[in-house]
Amino acid sequence: MPRWVGLCASSSSRQSNCTLYAAIPHAKKSTIAKQLVILICLALFLPLTISAQIKIFHKFKTDSTQIEDPLQQQIEDLSENTQTENADLTTLVENLQYYQDHPLNLNSATREELYDLLILSEIQIDNLLAHRILFGTLLSIYELQVIQEFDLATINKILPFIKILDFSSTGHFNLKEMLKYGKNEILIRDQRILEKQLGYSPIDSAALAQSPNSRYLGSPDHIYARYRFTYGNFVSAGLTADKDAGEEFFKGTQKNGFDFYSAHLSVRNIGVVKAAVIGDYQISFGQGLVGWTGYAFGLSGATLNTKRNGMGIRPYTSVDENKFLRGAATTLRFGKIEATAFVSDKKRDANISVSDTTGGNNIEIIEFSSLNVGGLHSTPSEIENRKSITEILYGGNVSYKGKKLQVGITGMHSEYDALLKRNLSLYNQFEFSAKQNSVFGADYDWSFHNFHFFGEIARSANGGIAMVHGALISLDPRLAFTLHTRMLGLDFHNLYGTIFSQGTTIANERGVYFGVLAKPIKKITLSSYLDHSFYPWLK
């Protein structure tokens, strides 16, 4: 295999150095001499011809007005590819901002940290890690050009979030340095719709008594406040508060101010503790069949984004009032083995169907027909259903994380203090309708040359089965495929999972997805996908 060498040439117009890399395989001395002559000639003329290339690799660092552009573009791309409509991307934005302020050193970055960027594909990450093993540390950002699957478009995307250093820059935890160099952020935002809305217009008492939910209880202001303390990627603590438009504020039913509060304290990479969180957090394991409460890709123009990359536990900093857990979680790492345990106890909004009022002011909820996921509490009926039931959830994950093979098992149990009894009809007769549920699953992730296989199979307490399997295949740097299959049983039950599929629930669906990405010539990328799905039962 050739090793890459370089010649340097300075560019006075940019006041920076540029390195040209070329492969010199084992050859005769005369051949090597010719190659060196060509390199020297290129180096002499490089300052005259390299301006376009320098612009590509340094445009994010030479003009401060452009620094926000790559971050904004990446956020837009993630928003377009999300599986959930109007998804809250707060956590993802904060993650990208962190890597923009603290670029990731590609010479020491782990697979999970590379996943964190949400830019590189599975095969690109495999090729980068293989390149480091084969050739050692990267010498320059320009060396990325010789790694298979790393085209200029990909390099351009990751440049604002990476760096190349010839030593590990992971740092270490130090309490004194944390108190001195920790970063504090405070954000307060108030917004409202300027046009007059019927829900805030005056109404006489008789009409309001006849239709109490026709007017909002609070002001049209949407107020958001957040405090965040971070120390590198070791410590994070924060408090988030949110008041939606129409909700009361420091009066009426909201005497404590905001309608929603979220807080967390988390540490990472301290000894054997890979991660630990107290407060609000998210989980993501395997392909999402058992536990996944965070961001997830869906069917979109990003045709190869079919694989989930579970990141374990993370602190929760968004304002979605449902897709998170509240309690404590920790992940311990022992070499290639990781063990995670988590527990959650929180209140949920629900549509109450049967309650016991014989206890006076203490109303006991006996049955509810569904969970409310809107998070709005601006009318009397919404207030009545607010935090009406208790949800307890606990579980764990044990996984082996090798260089080429990763396998894991995940289990989760959830229960409510009242019976979920749906209004069953012909179309929804297989849906979850009980007081408790358990889900167990096993997942795998295997790389073999330019082939990457992944999948997960899970079973719920009632015997329902769900499984997903897929493959990413790179036949050439200019041609890649993905294949994804899903078989979701009619009676599979899980309210805390998210997978790559057409439906919004993990049940009653079978499908096959095929995607292709081709780059026949420079500056032209062709992508296409075909998804065939059907539903064994009514939707």
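Residues numbered from 1 in each chain as written. Predicted model: local features only at pLDDT ≥ 70, side-chain atom pairs only at ≥ 80, totals over all residues. Heavy atoms only, no water.

(A) Quick peek at the overall build of the protein chain. For the protein chain, the count of helices and strands is 10 helices and 23 strands. Residue burial in the protein chain is summarised as follows: out of 539 residues, 44% are buried. Sequence-distant contacts in the protein chain: of pairs separated by 6 or more residues, those separated by 24 or more amount to 61%. Here the protein chain has roughly 27900 Å² of accessible surface; of this, 59% comes from carbon and sulfur atoms. (Helix = DSSP H or I, 4+ residues; strand = E, 2+ residues; numbered from the N terminus. Buried < 20%, exposed > 50% of the residue type's maximum accessible area, 1.4 Å probe, protein only. Contact = heavy atoms within 4.5 Å. Areas by Shrake-Rupley, 256 points an atom, 1.4 Å probe, with all protein chains shown as cover.)

(B) Here's a closer look at the side chain of E112. Mapped onto the fold, E112 is located in helix 5 (residues 111-116). For E112, a relative accessible area of 19% gives the class buried. Contact partners of E112, with chain neighbours within four places excluded, come to K274, M311, E338 and K401.

(C) Region of the structure containing a nonpolar patch on the surface. Together, V272, F334, I337, V398, Y400, L405, V407, I409, W446, F448, F451 and L475 make up a nonpolar patch on the protein surface, roughly 1000 Å² of accessible area in all. Elements represented by at least two residues in the nonpolar patch include exactly strand 15 (389-401), strand 16 (405-416) and strand 18 (436-448). Residue contributions to the nonpolar patch peak at three residues, all from strand 16. Counting through the fold element by element, Y400 comes out in strand 15. (Patch = residues over 30% accessible without salt bridge, like charges linked within 9 Å, V, L, I, M, F, W, Y side chains within 5 Å. Salt bridge = Lys/Arg side-chain N within 4 Å of Asp/Glu carboxyl O.)

(D) View of the sheet that holds strand 17 (residues 419-420). Strand order in the open sheet formed by three strands is 13-14-17, with mixed pairing between adjacent strands. In the strand order of this sheet, the two ends are held by strand 13 (350-356) and strand 17, each with one partner. (Pairing = 2+ DSSP bridges.)

(E) Fine view of the packing of aromatic side chains. Scanning all chains against the criterion turns up 17 aromatic pairs. Among the aromatic side chains, those forming a connected cluster through ring pairs are F249, F250, F258 and Y261. The ring of W292 has R308 sitting right over it, with the charged end atom 5.9 Å from the ring centre. Lying across the ring of F324, K346 places its NZ or CZ 4.1 Å from the centre. (Phe/Tyr/Trp six-rings, centres within 6.5 Å; stacked < 30°, edge-to-face > 60°. Lys NZ or Arg CZ within 6 Å of the ring centre and 35° of its normal.)

(F) How the structure looks around the pairing of strand 22 (residues 509-521). One ladder, built from 10 bridges, connects strand 21 (residues 479-488) with strand 22; its direction is antiparallel. From the neighbouring strand, M487 faces strand 22, where its bridge partner is R510. The sheet contact formed by strand 22 and strand 23 (residues 524-534) spans 10 bridges and is antiparallel. Bridge pairing in strand 23 places I521 opposite I524. From the end of strand 22 to the start of strand 23, which pair antiparallel, there are two residues, and K523 there has a positive phi angle of about 70°.

(G) View of the environment of Q197. In this fold, Q197 is placed in the loop between strand 5 (183-191) and helix 9 (205-210). Look at Q197 and you get partly exposed, because its relative accessible area is 31%.

(H) Region of interest: helix 4 (residues 90-101). Taking 1.5 Å of rise per residue, 12 residues should cover 16 Å, and helix 4 covers 16 Å from first to last C-alpha, within 8% of that figure. Burial in helix 4 covers these residues: L92, V93, E94, N95, L96, Y99 and Q100. (Expected span 1.5 Å × (residues − 1).)

(I) Region of the structure containing the nonpolar core. Residues L106, L114, L128, L144 and F150 are the most contacted members of the largest nonpolar core, which totals 25 residues. For this core, the elements supplying multiple residues, two or more each, are helix 4, helix 5, helix 6 (122-135) and helix 7 (152-158). Top contributing element to this core by residue count: helix 6, with three residues. Not counting residues within four places of it along the chain, the set of residues in contact with F150 comprises L120, Q124, L128, L144, Q145, I155 and I158. If you look at the next biggest cluster of nonpolar residues, it comprises 22 residues, including I283, M412, F492 and I506. (Core = buried A, V, L, I, M, F, W, Y, C linked by side-chain atoms within 4.5 Å.)

(J) Quick look at the pattern of salt bridges. For the coordinates displayed, the defined rule picks out 20 salt bridges. The shortest N-O distance in the salt bridge between R314 and D116 comes to 3.1 Å. Highlighted residues: R314 in strand 10 (residues 312-315) and D116 in helix 5, separated in sequence by 198 residues. A relative accessible area of 17% means that R314 is categorised as buried. Using a relative accessible area of 6% as the deciding quantity, one classes D116 as buried. For E122, the salt bridge identified is with K307, shortest N-O distance 3.1 Å. Linking E122 in helix 6 with K307 in the loop between strand 9 (273-284) and strand 10, this pair joins segments that are 185 residues apart in sequence. One network of salt bridges, in which partners are shared, links R111, E122, D126, K307 and D445.

(K) Seen up close, unusual backbone geometry. A positive phi angle, near 80°, is found at E149, a position not held by glycine. Among the structural elements, E149 can be located in the loop between helix 6 and helix 7. For E149, a relative accessible area of 13% gives the class buried. Phi at N508 takes a positive value of approximately 55°, unusual for a residue other than glycine. Among the secondary structure elements, N508 is positioned in the loop between strand 21 and strand 22. A relative accessible area of 7% means that N508 is categorised as buried.

(L) Structural detail: the side chain of R226. For R226, the location among the structural elements is in strand 6 (residues 222-231). Here R226 falls in the buried class, since its relative accessible area comes to 13%. With residues near it in sequence (within four places) discarded, R226 still touches T90, E94, E185, I186, L187, L239 and T240.

(M) Helix 6, seen in detail. A rise of 1.5 Å per residue sets the reference length of helix 6, with its 14 residues, at 20 Å; its end C-alpha atoms lie 20 Å apart and thus fit the reference within 8%. Along helix 6, 11 of the 14 residues are buried, which leaves the element largely enclosed by surrounding structure. E122, I123, Q124, I125, D126, N127, L128, L129, H131, R132 and F135 are the residues of helix 6 that are buried.

(N) Inspection of the confidence of the model for the protein chain at higher detail. Here the protein chain averages 82 in pLDDT, while 81% of its residues score no lower than 70. Contacts from residues 1-68, a stretch scored under 50 in pLDDT, to residues over four places away or in other chains number 91 contacts. (pLDDT = per-residue confidence, 0-100.)

(O) Spatial organisation of the environment of D242. By secondary structure assignment, the location of D242 is in strand 7 (residues 235-243). Separated by 15 residues in the primary sequence, D242 and G257 have C-alpha atoms spaced 9.3 Å apart. With sequence-adjacent residues up to four places away left out, D242 is seen in contact with H222, I223, Y224, F258, D259, F260 and V319. A polar contact is formed between the side chain of D242 and the side chain of H222, at a distance of 2.8 Å. (Polar contact = N/O pair within 3.5 Å; in protein donor to acceptor, adjacent residues only side chain to side chain.)

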